[in-house]
Structures are given as C-alpha cells and as structure tokens.
Amino acid sequence: ALYTSLGKLAYKYVNYATGTVLKSAKLVPVMAVSVLWLRRSYSAYDYLAAGLMVASAATFGLGERELEPGGNQVWGFILSFLCLGLGA
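Residues numbered from 1 in each chain as written. Predicted model: local features only at pLDDT ≥ 70, side-chain atom pairs only at ≥ 80, totals over all residues. Heavy atoms only, no water.

S.K.: Sorry, what's going on with the overall build of the protein here?
M.R.: Regarding its fold elements, the protein presents five helices and zero strands. Reading the protein from its N terminus to its C terminus gives the helix and strand order α-α-α-α-α. Looking at the protein as a whole, 27% of its 88 residues are labelled buried. Nonlocal contacts in the protein, meaning residues at least 24 apart in sequence, comprise 72% of its contacts between residues at least 6 apart. (Helix = DSSP H or I, 4+ residues; strand = E, 2+ residues; numbered from the N terminus. Buried < 20%, exposed > 50% of the residue type's maximum accessible area, 1.4 Å probe, protein only. Contact = heavy atoms within 4.5 Å.)

In structure tokens:
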C-alpha cells in the first residue's frame, strides 16, 4: 500500500511521461538488489541497458524542468526513487 501511495503522490510533482519513465526504471533497483543479495551477475549489455534507462529518466526530468520551471520536480523524483526502492 505504501508503494502505491508514494507512486500516486510522486505523480503530483512530475508529469505523466516522466512518471512513466521513472516507473519503468524499476530495473535498476532490482538489478542492484539481485547483485548485492543474490550474488547474481549480469552481462555488460544489461548494465548498458540500465545505464541508458537512467540517462533517459534524467533527460525527461531535465526537459520537464525547462517546460515548468516553477514546479517542484525534485520532490517528485525523490518520491519516485523511494517508491522504486520499496518496490524492489
């Protein structure tokens, strides 16, 4: 329930497109948890894909900040990443 609530709260601070990209970045904390706790290894291609996912989320966030300079997107990003961490 906390995961869903944080996700909905984060959407108040970021637009829908950015929120969707951030939610799709769930791959990153899942990979981190599986590497640290499960000792799973990934190929360089998988790490490249995760890095590109982070770069796309950052690009969307920077673009949104230029479109809505008065908004509080940083708070939306923090809530989104907290939500992703709880979901992993």
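S.K.: What is the right way to look at helix α2 (residues 16-24) in this model?
M.R.: Helical geometry: 3.6 residues make up each α-helical turn, so side chains three or four residues apart lie on a common side. Here α2 has its buried residues at Thr18, Gly19, Val21 and Leu22. Each buried residue of α2 sits inside an arc of 160° when the element is viewed along its axis, so together they form one side. (Arc of directions from axis to C-beta.)

S.K.: Mind showing me how you'd approach the environment of Val74 here?
M.R.: Within the secondary structure, Val74 is located in helix α5 (residues 73-87). Counting along the chain gives 64 residues from Val74 to Ala10, while the straight-line C-alpha distance between them is 9.9 Å.

S.K.: Even after reading the chapter, I still don't get unusual backbone geometry, so can you show me in this structure?
M.R.: Negative phi is the rule for most residues except glycine; trans is the rule for most peptide bonds. In this model, Arg39 sits at a positive phi of 55°, which is unusual for a non-glycine residue. Judged by relative accessible area, Arg39 falls into the exposed class, the value being 69%.

S.K.: Help me out: how do you make sense of the environment of Arg40 in this one?
M.R.: Tracing the sequence through the fold places Arg40 in the loop between α3 (27-36) and α4 (44-67). Residue classification places Arg40 among the exposed positions, given a relative accessible area of 51%.

S.K.: How should I be thinking about the side chain of Ser34 in this particular structure?
M.R.: Structurally, Ser34 can be placed in helix α3. Contacts of Ser34, omitting those with residues within four sequence positions, involve Arg39, Arg40 and Tyr42.

S.K.: I'm lost on a nonpolar patch on the surface in this one. Help?
M.R.: On the surface, a nonpolar cluster with roughly 300 Å² of combined accessible area is contributed by Leu2, Leu82 and Leu86. Take Leu2: it is sitting in helix α1 (residues 2-10). When its relative accessible area of 55% is taken as the criterion, Leu2 is described as exposed. (Patch = residues over 30% accessible without salt bridge, like charges linked within 9 Å, V, L, I, M, F, W, Y side chains within 5 Å. Areas by Shrake-Rupley, 256 points an atom, 1.4 Å probe, with all protein chains shown as cover. Salt bridge = Lys/Arg side-chain N within 4 Å of Asp/Glu carboxyl O.)

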